[in-house]
Amino acid sequence: MPRASLIDVPAPAAEHACMTQDFTPQTMPRPFEPQLGADIRALFPDLSKSLQDVLSGIGGSSPYLAGLMRKEMDWIKGAVHAPFEALESELRRAAQSRESETAASLRCAKRRIALLAGICDLAGVWTLEEVTGALTRLAETACQVALRAALAPFIRRGKIPGLEDVNHSAGLFVLAMGKMGAGELNYSSDIDLICLFDPDQLPQAAQEDARSVLIKAVRQMCRLLSDTTADGYVFRTDLRLRPNPSVTPIVLSVPAAETYYESQGRTWERAAFIKARPIAGDIKAGEAFLRTLTPFVWRKHLDFAAIEDAHNIRLAIRDHKGTGGALSLPGHDMKLGRGGIREIEFFTQTRQLIAGGRAPQLRVRQTVQGLKQLAAGDWISEQVAQKLSAEYRFQRGVEHRLQMLRDAQTHSLPQNEEEFERLACLSGQELGAMKEQIRASLSEVHDITESFFAPNAAGGSSGSEILPNSTVTRWLSYPALRSPRARSILDRLVPVLSDRLSKAQRPTEALSALDEFLSSLPAGVQVLSLFEANPGLIDLVLDVVSISPALADYLSHNASVLDAVLDGGFFADIPDQAALTEDLSARLGAEADYEARLGTARRWQKEQHFRIGVHLLRGLVAAEQASQHYADLARAVLAALWPHVQDEFARKHGRVAGGGAAVLGMGALGAGRMNAQSDLDLIVIYDAQSDAASDGRRCLPARTYFARLTKALITALSARMPDGRLYEVDMRLRPSGNQGPVATSWASFQDYQANEAWSWEHLALTRARVVAGPERLTEQIEAFRSTVLAGRYEPGQLAVDVGEMRVRIAAAKTPVAWWDVKRGPGRLQDVELLAQCGALLQSPAPIDVQDGLSGLAGALGQGAQAQMMHSYGRARCVLLAVSLMQSSGEIGPTGQAFLLRLTGFTSLSDLQDALERDQKETGSLIEQALQRMRQGDA
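Cut-offs used in this document
- Residues numbered from 1 in each chain as written.
- Predicted model: local features only at pLDDT ≥ 70, side-chain atom pairs only at ≥ 80, totals over all residues.
- Heavy atoms only, no water.
- Helix = DSSP H or I, 4+ residues; strand = E, 2+ residues; numbered from the N terminus.
- Buried < 20%, exposed > 50% of the residue type's maximum accessible area, 1.4 Å probe, protein only.
- Contact = heavy atoms within 4.5 Å.
- Areas by Shrake-Rupley, 256 points an atom, 1.4 Å probe, with all protein chains shown as cover.
- Lys, Arg positive; Asp, Glu negative; His and termini not counted.
- Charge placed at Lys NZ, Arg CZ, Asp CG, Glu CD.
- Expected span 1.5 Å × (residues − 1).
- Core = buried A, V, L, I, M, F, W, Y, C linked by side-chain atoms within 4.5 Å.
- Polar contact = N/O pair within 3.5 Å; in protein donor to acceptor, adjacent residues only side chain to side chain.
- Phe/Tyr/Trp six-rings, centres within 6.5 Å; stacked < 30°, edge-to-face > 60°.
- 1 Å grid on protein atoms, 1.4 Å probe; cavity = no way out; pocket = protein on both sides within 12 Å on 5 of 7 lines; lining within 4 Å.
- Points joined across faces, edges and corners; volume = space filled by probe spheres on them.
- Nonpolar A, V, L, I, M, F, W, Y, C, P; charged D, E, K, R; others polar.
- Pairing = 2+ DSSP bridges.
- Axes fitted to C-alpha atoms, helices over the stretch in contact; angles between N-to-C directions.
- Parallel < 35°, antiparallel > 145°, perpendicular 65-115°, else oblique.
- Left-handed = near helix turned anticlockwise from the far one by under 90°.
- Patch = residues over 30% accessible without salt bridge, like charges linked within 9 Å, V, L, I, M, F, W, Y side chains within 5 Å.
- Salt bridge = Lys/Arg side-chain N within 4 Å of Asp/Glu carboxyl O.
- Disulfide = S-S within 2.5 Å.
- pLDDT = per-residue confidence, 0-100.

Moving on, we come to the overall build of the protein. On a plain count of helices and strands, the protein comes out with 40 helices and 10 strands. Principal-axis analysis of the C-alpha atoms gives the protein an extent of 120 × 70 × 55 Å. Within the span of the protein, comprising 938 residues, buried residues form 56% of the whole. Taking all contacts inside the protein whose residues are at least 6 apart in sequence as the whole, residues at least 24 apart take part in 75%. Roughly 38,600 Å² of accessible area belongs to the protein as shown, and the carbon and sulfur atoms make up 49% of that amount. Across the protein, 101 positive and 110 negative side-chain charges occur, with their mean positions spaced 4 Å apart.

Here it is as structure tokens:
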């Protein structure tokens, strides 16, 4: 028979599908009281010997289960032959019970399923997940039935306006929290519930009266579950996990709860909602509520500050419960004590809170499944996941056996040897072996979890000469370190920082850079928590802030990008443009609204941009590779974002019939040679009839439509939002420059380029590339570009035009430092201009610089081309390095070392001499080439 799907309970193994007459148990309980065991055996003369042995061992050790066997003797005889069918049958019977029979029916189901789960657990027939799943499903069914029975009288009397159907709960829903929410209910557990209602489901005038009725109904539901009658009880209920339980009613409105969690919610409440699940009432309303809490539970950035919060909760529990002492088995609390169940749960949930905002696969409710997902994402090792999972299952088994003895809500090991022996007998173990296994498990869990929550930071050198007290004292005056919590973390970090600084190549400079970084931080808790949890991250930050003031300033205001470093694969090969576009497109598609997409695009782009910079700093990519990566990143942003800009604009203004609009990348973007500080040179080309108009509620003429759409794109890229901006945008390369429309029609673009464009505009067009837009228009633009640039220019006149342009460029901006390698004779732009000149003399016109220079074979011999490209490559390395450092003054020693490593020189003076020599020789070669072109020798 298929099993119910109320919760995700693993299917049983084939050999455990049912108990048969020749069933062989996996474990064999022993009767602590032999006579009592014999009495139980005598109740079941018709069962097989192996089953008699199991029931005798259980009944002879557990007074509680022995009592249930006597009460349910006839039922259990049939149930043990097919336990899963018996479970389904009892759940179905309880769910279909009449209102008048609710209390007795639920207590009967509890009694039978508790007995069945106990036998299957103790005999090793069901796994832990199957035992806790069965108990959880019983609790769910009980809540559903009890709530239905509690609401029915009020509905019959018309106390809830507009509500006539007992199966509809007027927006009232019950959230299962803790172990019940996760499907991990223990054997003698109470159930933690939060009850909420959505007032929008009721007429406004009736909301206040309905609230009081719903409170009464929930109280009745709890009584039906927890009152002890002649038939026992079902489940003890606890409603204290709701917001401010001492002052709030037991049923809160959804808006009140949302306001509380958004403004006052604490880390322990975030952890609690990892497991939350609607189980009764209006399930859809419950699911909607949990979706609204997603930003509260799952922070968008890595949240290592949660470690300290969880650790403080652990310490508070130890103080309150007195469980913080050395390990001693008598009376040890298996749940809250040292190395116990709660430690594993805290470890798992805290790790989930840290990374679940970035890794949705971590948002699972069950503890073992959470450990599995953490290992799959490399947040913990596979070994740790397997070890904690095994210890979790073992300790939960011990907990169950403690509770099965007398149906007591206890987690404490026995205080005396006699009771310990009873526990060992029930578990089918020898006393000494059981004690040793428990002790080893608790010690193992303590060692793993304590090293996570309270790592020993006292190691390493004191480094007082590296990090003097005066410096630390000054740090305490910085804005990021004024809160008590930030100072507390800093106190623990000082020895670690000292040790890391002492190992830096230039400790004094590293300290100065770190000081500057900390002084610029607007807030410190998250960054310091990152450092404390991941000391290796300090080395990377020291590298970054020492070499690149630009990245250091960026980091101080966008420290969340360090999250990316801790994600798996940060130091792997950087993806190509297609993979980047696919990744960003998927992320944008998952967001609910346009503003969220813009924020996501910014965070994603900053992480990728930072990653490229770190790869360049660490020598993982060469300068030209980094340049291509920067261009691929920008193209991916445009390709993924452009459709969403158009969709958002179309919401108001509709669309214009035609071929759509494409974004043409110019300059470094089009050529695929960007650096860390490059802006975007763009032209937007649209294909529509001049008299066309959009079809939206606010229709616009095509010209106005695409002009405003282009401005929307510029805003999407360059507007400063909480997560910064994506890129600066330059539209001056469009036809007619700043005087022309910001968007150009396809017909106008063709006419202008064919009949009016200046030679410098065609030179710029050699580096153009469509980076976003419909496929058909993209193909048309590229075909036209090739045609319009092919064979139109006479070399002599082109050389004259280029010569005039070089003079204007040289006069516009004079280099201010020896490392300013972009503009001026013999520098990068000069070489690129000559390459574009050579491209115009070829068909099709190439984009690559070396390919462009090859078109000037007559004016520039192969030797001169090779020499020019060598100088060009060296200057490109300097440009990439300087753009990353963003140096406007002197370059510091660490930056100098980075620059020398990238260019292959051993001293700064040698590099400077080489650049000056390159520029002089290259400038001369360009003059000679242009002169030969004027003479007709191209």
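Moving on to unusual backbone geometry. That bond from Ser 843 to Pro 844 is cis: its omega, -5 degrees, falls within 30 degrees of zero. Here Pro 844 is to be found in the loop between α36 (828–840) and α37 (849–853). Of note, the phi angle at Asn 244 is positive, near 45 degrees, even though the residue is not glycine. The topology assignment puts Asn 244 in the loop between β3 (237–238) and β4 (251–253).

Here Leu 911 shows up in helix α40 (residues 908–934). Separated by 732 residues in sequence, Leu 911 and Lys 179 place their C-alpha atoms 66 Å apart. With sequence-adjacent residues up to four places away left out, Leu 911 is seen in contact with Trp 818, Arg 874, Val 878, Leu 899, Leu 900, Thr 903 and Phe 905.

Attention shifts here to the side chain of Gln 753. Within the secondary structure, Gln 753 is located in helix α32 (residues 746–755). A relative accessible area of 4% places Gln 753 in the buried class. For Gln 753, the residues in contact, after removing those within four places along its chain, are His 762, Leu 765, Phe 784, Val 788 and Arg 792.

Let's shift gears to helix α9 (residues 207–226). The first and last C-alpha atoms of α9 sit 28 Å apart over 20 residues, in line with the 28 Å expected at 1.5 Å per residue. Inspection of α9 places Ala 210, Val 213, Leu 214, Ile 215, Ala 217, Val 218, Met 221, Cys 222, Leu 224 and Leu 225 among the buried residues, and these make up the whole buried set.

This part is about the nonpolar core. With 163 residues, the main nonpolar core has Trp 475, Phe 517, Phe 610 and Leu 664 as its most contacted residues. With 15 residues, the top contributor of residues to this core is helix α29 (residues 623–653). Filtering out sequence-adjacent residues up to four positions away, Phe 517 remains in contact with Val 527, Phe 531, Val 541, Val 545, Ala 552, Leu 555 and Ser 556. Counting 94 residues, the second largest nonpolar core, distinct from the first, contains Ile 119, Trp 126, Val 213 and Val 251.

To continue, consider the side chain of Ser 188. Structurally, the position occupied by Ser 188 is in the loop between α8 (178–181) and β2 (191–197). Residue contacts for Ser 188: discarding those within four places in its chain leaves Tyr 233, Arg 236, Gln 403, Asp 407, Ala 408 and Gln 409.

Here we come to helix α28 (residues 594–617). When the terminal C-alpha atoms of α28 are compared, their 34 Å separation across 24 residues agrees well with the 34 Å that a helix rising 1.5 Å per residue should span. By the criterion of burial, α28 is predominantly enclosed, with 21 of the 24 residues buried. Two to three positions downstream of the cap, the backbone nitrogen of Glu 595 sits 3.2 Å from a side-chain oxygen, assigning the N-cap of α28 to Asp 593.

So, on to the packing of aromatic side chains. Any two aromatic rings considered together are summarised by their centre-to-centre distance and by the angle between their planes. Counted under the stated rule, the structure contains 13 aromatic pairs. Judged by centre distance (6.3 Å) and plane angle (25 degrees), the ring pair of Trp 746 and Phe 749 falls under stacked. In this pair, Trp 746 and Phe 749 both sit in helix α32, three residues apart, roughly one turn of the helix. By relative accessible area, Trp 746 is classed as buried at 9%.

There is about 1,700 Å³ of room inside the largest pocket. Along the walls of the largest pocket sit 42 residues, with Asp 679, Asp 681, Lys 822, Arg 823 and Gln 829 positioned nearest its centre. At the level of secondary structure, the elements contributing two or more residues to the lining of the largest pocket comprise α30 (667–671), α33 (759–765), α35 (795–812), α36 and α38 (862–885). Here the lining of the largest pocket takes five residues from α36, the largest share from any one element. Counted by class, the lining of the largest pocket contains 17 nonpolar, 12 polar and 13 charged residues. Lining the second largest pocket are 39 residues, and of these Asp 192, Leu 241, Ile 317, Lys 335 and Arg 342 sit closest to its centre.

Within strand β1 (residues 172–176), five of the five residues are buried, which leaves it mostly tucked inside the rest of the structure. Residues Leu 172, Val 174 and Ala 176 point to one face of β1 and Phe 173 and Leu 175 to the other, with burial holding for every one of them. Across five bridges, the pairing between β1 and β2 is antiparallel. Bridging from a neighbouring strand, Leu 175 pairs with Ile 194 of β2.

The N-to-C vectors of helix α21 (residues 484–502) and helix α23 (residues 525–533) enclose an angle of 25 degrees; their axes lie 9 Å apart at closest approach. In terms of orientation, α21 lies roughly parallel with respect to α23. In the packing of α21 onto α23, the handedness of the crossing is left-handed. Counting all contacts with α21, which are made through Arg 485, Ala 486, Ile 489, Leu 490, Arg 492 and Leu 493, the residues of α23 involved are Val 525, Leu 528, Ser 529, Phe 531 and Glu 532. Of the residues belonging to the contact of α21 with α23, the class tally is seven nonpolar, one polar and three charged.

In this section: a positive patch on the surface. Among the surface-exposed residues, Arg 157, Lys 159, Lys 216, Arg 219 and Arg 223 lie close enough to one another that they form a single positively charged patch. Within the secondary structure layout, Arg 223 lies in helix α9. Taking the relative accessible area as the measure of exposure, Arg 223 reaches 40% and is therefore partly exposed.

Turning next to the packing of α35 against α36. As a packed pair, α35 and α36 sit with axes 11 Å apart at the nearest point and diverge in direction by 160 degrees. Relative to α36, α35 is oriented roughly antiparallel. For α35 against α36, the interelement crossing comes out right-handed. Contacts between α35 and α36 pair Leu 798, Val 802, Met 805, Arg 806 and Ile 809 from the former with Gln 829, Asp 830, Leu 833, Cys 837 and Leu 840 from the latter. Broken down by class, the residue content of the contact of α35 with α36 amounts to seven nonpolar, one polar and two charged.

Let's shift gears to the pattern of salt bridges. For the structure on display, the rule yields 39 salt bridges. In this structure, the salt-bridge partner of Arg 725 is Glu 728, at a minimum N-O distance of 2.7 Å. Assessed through its relative accessible area of 27%, Arg 725 is described here as partly exposed. A single salt-bridge network, built from bridges that share partners, covers Glu 72, Glu 90, Arg 93, Arg 111 and Arg 112.

The tally for this structure, following the rule as stated, stands at zero disulfides. In this structure Cys 222 is a free cysteine whose sulfur lies 6.1 Å from that of Cys 195, the closest cysteine sulfur available.

Locating Leu 537 in the fold gives a position in helix α24 (residues 536–547). In this structure, the C-alpha to C-alpha distance between Leu 537 and Glu 382, residues 155 residues apart in sequence, is 22 Å. Not counting the four nearest positions on each side in its chain, Leu 537 is found in contact with Leu 530, Phe 531, Leu 562, Val 565 and Leu 566.

This part is about the environment of Ser 100. Tracing the chain through its elements places Ser 100 in the loop between α5 (83–95) and α6 (102–122). On the accessibility criterion, Ser 100 (70% relative accessible area) is exposed. Sequence separation between Ser 100 and Ala 149 is 49 residues, and the spatial gap between their C-alpha atoms is 8.3 Å.

Next up on the list: the confidence of the model for the protein. Overall, the prediction assigns the protein a mean pLDDT of 87, with 92% of residues at 70 or greater. In this model, residues 456–464 is a region of pLDDT below 50 whose contacts with residues beyond four sequence positions or in other chains number 10 contacts.

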